[in-house]
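# A look at the structure
Chain by chain, the residues:
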Number of protein chains: 6
Amino acid sequence: MAEEPLVAPIEYEDANEDVRAVYDDIMQTRSTDWVNNFWKVLAHDPALLKSTWEDIKQVMSPGSLDSFTKELIYIAVSATNGCEYCTYSHTAAARAKGMTDQQLMELLAVVGMANETNRLSNGLRPSVDVQFKPR
Amino acid sequence: MAEEPLVAPIEYEDANEDVRAVYDDIMQTRSTDWVNNFWKVLAHDPALLKSTWEDIKQVMSPGSLDSFTKELIYIAVSATNGCEYCTYSHTAAARAKGMTDQQLMELLAVVGMANETNRLSNGLRPSVDVQFKPR
Amino acid sequence: MAEEPLVAPIEYEDANEDVRAVYDDIMQTRSTDWVNNFWKVLAHDPALLKSTWEDIKQVMSPGSLDSFTKELIYIAVSATNGCEYCTYSHTAAARAKGMTDQQLMELLAVVGMANETNRLSNGLRPSVDVQFKPR
Amino acid sequence: MAEEPLVAPIEYEDANEDVRAVYDDIMQTRSTDWVNNFWKVLAHDPALLKSTWEDIKQVMSPGSLDSFTKELIYIAVSATNGCEYCTYSHTAAARAKGMTDQQLMELLAVVGMANETNRLSNGLRPSVDVQFKPR
Amino acid sequence: MAEEPLVAPIEYEDANEDVRAVYDDIMQTRSTDWVNNFWKVLAHDPALLKSTWEDIKQVMSPGSLDSFTKELIYIAVSATNGCEYCTYSHTAAARAKGMTDQQLMELLAVVGMANETNRLSNGLRPSVDVQFKPR
Amino acid sequence: MAEEPLVAPIEYEDANEDVRAVYDDIMQTRSTDWVNNFWKVLAHDPALLKSTWEDIKQVMSPGSLDSFTKELIYIAVSATNGCEYCTYSHTAAARAKGMTDQQLMELLAVVGMANETNRLSNGLRPSVDVQFKPR
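A few words on the interface of chain A and chain B. In this assembly, 68 residues from chain A lie in contact with 68 residues from chain B. The contact between chain A and chain B buries some 6300 Å² in all, and 69% of this surface belongs to carbon and sulfur atoms. Counting across the chain A and chain B interface gives two salt bridges. Residues A:Lys70 and B:Glu106 are paired through a salt bridge, measuring 3.2 Å at the closest nitrogen-oxygen approach. At the boundary of chain A with chain B, the tally comes to 28 residue pairs in polar contact (both at pLDDT 80 or more). Of all the secondary structure elements, the ones that give two or more residues to the side of chain A that touches chain B are helix 2 (37–42), helix 3 (46–60), helix 4 (67–81), helix 5 (84–96) and helix 6 (101–124) of chain A. Of the residues forming the side of chain A that touches chain B, the biggest block, 20 residues, is contributed by helix 6 of chain A.

Set out below in structure tokens:
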């Protein structure tokens, strides 16, 4: 994306205490020495920065689903919505967790298929089968 | 959904040879004795029915990603797009493959989070970090 | 859709002069003796009712594209967006203009395919080929 | 966006009478001496240019909601849809009307939250509470 | 929506301590004696219930934008995404805060307009004007 | 789009037999001597490349709808979804089939209108008229 961001990224040296605390936690959690631009623009609202980071750290941590599967889901949503930044950042994150090109291709094949059949359903409106009803 | 489908479902006994062949393959592949309404409305175009079924059978079969993970991705896309039929059918399919309520909740937590941060990115337009650029 | 509309439909007998004038024009343009619910809820804002109707009458009238093709495009967008009311109303409108079930199926096959390849493109982000650049 | 527009922008000096009349009204309404690119590409269809401009002028003028609130809503929709041009143009318009960075951040926080809970609802499908039913 | 939710709502009497604490806070914050179904299905994941509620309480509280404006933005996003539950619940919430039918109509007129021009931009891809670039 | 694709395009000289067979068929079907980037990134998964190409070749071939109409529908979906690559490639394809600027403008006018009324319907939720119910 060639355009400027809508608000200027806030670098570590220009950040206040609250923002630095989040940046520090991001770098420590990821064992990196840099913070990506998404957080630097979000830093214009320190409360939003903090709650978004804490939510994402919690939601993406392993639970009944592992972190790798969660990254795949993140890519699936981002590709469906057409979010450029999120597609680059979460594809990179999934690769850092070992995702191969073949896995990316299979993931996107499912995403493509789901987007196709979602619209065939939207256009034809079949009734939900009784067998699919919860319990 | 209380409304009628846009085309009447075609039942097995009213289907032609080509359609029955697909219905048979669906039931055999899934080890069931019924075909869900999505395919019965798609049957108005036997070529579309056949190619869609063969694509989905191929795409959803285990490869470098397992079938369970693929079902989760299908739900993620369907919830993002708001497709009611697909949400019911693929949640049922994932449950048949062992998905627990806790896994469904964690899946949707990631879907919700991704939809949120996709829009924070869309609205603020941070530049893609050089570290995220593909090799 | 089983739920009530968010505002009550305004029937002809309860409508003011401005609203009745639009209702009359809708019925005359379509050679029918009834007005569909979309316009009856929009009637809560007579200016919006009037401008929306006049825009749609203008946009859907034959020009360099015929009205039938325009109805197909309307269905394509409505199925992509998952708008239930619009899918029913514009599928009915296209059928009234002669759309066959086979045409509906082919239309939705294209809609499904486009939704699939849109996401394959979103996820893989190929560069726009120089050959595709306008002039 | 680095790509060329799909049709060349039509500059004032190359525009016909109908187009110039709209350009003049845009500049006069906004008290500016330039017209933005959106209108210059739309000018390939003078009737569409005119009706779109008149609709937007009418819809965005103060009524029971003020113009500032309407600009915020425009940004919310544009960020949800991921429209790059619209995000830049309406963020600029809102800033010209006094929107602060803090207001932009709060706006996007709501947009993000709504996009998240929309998908939690889509995936879990709670019934509409009777208390939420219109009158 | 006539279908069952994908997970059964958890009523107060069946909820554990953590869930009851959130339900209590919802009712106290809103000065009501009931909890809407969205939270009752989210309660299957008490951590997600708690963080979603706390985020929404924080995000929707008055700041540089007032709560009423924030509710309008929530409706705008929900209508754009076509989320039925969210449309009913947030329209009801906005009405409880004084939104009139006329305000709802004007809000949706802006939402409709933005969705229209977002697609005219997507299809024609005008360049972002230099005047719109952030400082 | 200034960013690199997420996987490197596979050129003809670097492609394996299966991929070359698809590239050959694409060039022969279109009577061209080049293959566009979409297929070159898809080539990382030869099975997906082959099935996607065969589906699109089948779906876009003339049937009860002609190929030109099908290209218009493809543009309508791509503009609605905001897919940049698809908008450029299918607009170019439609122009190669004779689409004029006026037809493009009329097409997008319908797309814009449909996106607008889809959201007016989503926000007001009128009931589907009995006259619109299929047979």
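Right, let's get into the pattern of salt bridges. When charged atoms on two side chains of opposite charge get close, those side chains can pair. Residues and elements named next belong to chain C. In the structure shown here, the tally under the stated rule is 48 salt bridges over all chains. Here lysine 50 ties to glutamate 54 by a salt bridge, and the two come within 2.9 Å at their closest N and O atoms. Of this pair, lysine 50 and glutamate 54 both sit in helix 3 (residues 46–60), four residues apart, which is roughly one turn of the helix. You can call lysine 50 partly exposed: its relative accessible area is 43%. For glutamate 54, a relative accessible area of 39% corresponds to the partly exposed category.

So, on to the relation of the copies chain F and chain B. Overlaying chain F with chain B gives an RMSD of 0.0 Å, the required rotation being 180° about an axis along which the chain moves by 0.0 Å. Here the symmetry operator amounts to a two-fold rotation axis. By residue overlap, the copies meet face to face through one surface: 92% of the interface positions of chain F are interface positions in chain B.

A separate point is helix 3 (residues 46–60) of chain B. All names here are of chain B. For helix 3, built from 15 residues, the straight-helix expectation of 21 Å at 1.5 Å per residue is met to within 8% by its first-to-last C-alpha distance of 21 Å. Along helix 3, the residues that are buried comprise Leu48, Leu49, Thr52, Trp53, Asp55, Ile56, Val59 and Met60. All buried residues of helix 3 project into a common sector of 165° when viewed along the axis, lining one side.

This part covers the interface of chain F and chain B. Contacts between chain F and chain B engage twelve residues on the former and eleven residues on the latter. Carbon and sulfur atoms supply 52% of the area that chain F and chain B bury against each other, a total of about 880 Å² over both sides. Between the two partners, chain F and chain B, sit two salt bridges. One salt bridge in this structure joins B:Lys133 and F:Glu3, with 2.6 Å as the shortest N-O distance. Across the chain F-chain B interface, the total number found is two residue pairs in polar contact (both at pLDDT 80 or more). Classifying every residue of the side of chain F that touches chain B by side-chain character gives five nonpolar, two polar and five charged.

B:Tyr23, B:Trp39 and F:Trp39 are the most contacted members of the largest nonpolar core, which totals 95 residues. Each residue touching B:Trp39, except ones within four places of it in the same chain, is listed here: B:Tyr23, B:Ile26, B:Arg30, B:Leu49, B:Thr52, B:Trp53 and B:Ile56. Listed in part, the 94 residues of the second largest apolar core include D:Val22, E:Val110, F:Ala94 and F:Ala114.

Right, let's talk about the environment of C:Leu48 for a bit. Relative to the helices and strands, C:Leu48 resides in helix 3. We classify C:Leu48 as buried; its relative accessible area is 6%.

Here we take up the packing of helix 4 of chain A against helix 5 of chain A. Residues and elements named next belong to chain A. Their axes nearest at 9 Å, the elements helix 4 and helix 5 cross at an angle of 160°. Judged by the angle between their axes, helix 4 and helix 5 are roughly antiparallel. Two packed elements cross with a definite hand, and for helix 4 against helix 5 that hand is left-handed. In this structure, helix 4 contributes Phe68, Glu71, Tyr74, Ile75, Ser78 and Ala79 to the contact, and helix 5 contributes Cys86, Thr87, His90, Thr91, Ala93 and Ala94.

Further remarks concern the relation of the copies chain A and chain B. Rotating chain A by 180° and moving it 0.0 Å along the rotation axis overlays it on chain B with an RMSD of 0.0 Å. A share of 100% of interface residues in chain A that are also interface residues in chain B marks the association as one of identical surfaces.

On the secondary structure map, C:Gln102 appears in helix 6 (residues 101–124). The class for C:Gln102 is partly exposed, based on a relative accessible area of 32%. A C-alpha to C-alpha distance of 32 Å links C:Gln102 and C:Gly123, two positions 21 residues apart in sequence. Apart from residues lying up to four places away in sequence, C:Gln102 is in contact with B:His44, B:Asp45 and F:Ser64.

All names here are of chain A. Evaluated as defined, the whole model comprises six disulfides over all chains. Disulfide pairing is shown between cysteine 83 and cysteine 86; the S-S distance is 2.3 Å. What sets the handedness of the cysteine 83 and cysteine 86 disulfide is the S-S torsion sign, and at about 50° it is right-handed. In this structure cysteine 86 comes out as buried when scored by relative accessible area, which is 2%.

So, about unusual backbone geometry. The phi dihedral of A:Ser31 falls on the positive side, at around 50°, and the residue is not glycine. Considering the arrangement of structural elements, one finds A:Ser31 in the loop between helix 1 (17–30) and helix 2. In this structure A:Ser31 comes out as exposed when scored by relative accessible area, which is 66%. Despite not being glycine, E:Arg125 shows a phi value in the positive range, around 55°. Tracing the chain through its elements places E:Arg125 in the segment after helix 6 (101–124). Here E:Arg125 falls in the buried class, since its relative accessible area comes to 11%.

What follows deals with the packing of aromatic side chains. All chains considered together, the criterion is met by 36 aromatic pairs over all chains. Measuring from ring centre to ring centre gives 4.9 Å for F:Phe38 and F:Trp39, while their planes differ by 75°; the resulting arrangement is edge-to-face. The exposure class assigned to F:Trp39 is buried, which follows from its relative accessible area of 2%. Taken together, A:Trp34, A:Phe38, A:Trp39, A:Trp53, A:Tyr85 and B:Phe132 form an aromatic cluster joined through their ring pairs.

Criteria and thresholds
- Residues numbered from 1 in each chain as written.
- Chains lettered and ligands numbered in written order.
- Predicted model: local features only at pLDDT ≥ 70, side-chain atom pairs only at ≥ 80, totals over all residues.
- Heavy atoms only, no water.
- Contact = heavy atoms within 4.5 Å.
- Buried area = accessible area lost by both parts, 1.4 Å probe.
- Salt bridge = Lys/Arg side-chain N within 4 Å of Asp/Glu carboxyl O.
- Polar contact = N/O pair within 3.5 Å; in protein donor to acceptor, adjacent residues only side chain to side chain.
- Helix = DSSP H or I, 4+ residues; strand = E, 2+ residues; numbered from the N terminus.
- Buried < 20%, exposed > 50% of the residue type's maximum accessible area, 1.4 Å probe, protein only.
- Least-squares fit on C-alpha atoms with pLDDT ≥ 70 in both.
- Expected span 1.5 Å × (residues − 1).
- Arc of directions from axis to C-beta.
- Nonpolar A, V, L, I, M, F, W, Y, C, P; charged D, E, K, R; others polar.
- Core = buried A, V, L, I, M, F, W, Y, C linked by side-chain atoms within 4.5 Å.
- Axes fitted to C-alpha atoms, helices over the stretch in contact; angles between N-to-C directions.
- Parallel < 35°, antiparallel > 145°, perpendicular 65-115°, else oblique.
- Left-handed = near helix turned anticlockwise from the far one by under 90°.
- Disulfide = S-S within 2.5 Å.
- Phe/Tyr/Trp six-rings, centres within 6.5 Å; stacked < 30°, edge-to-face > 60°.

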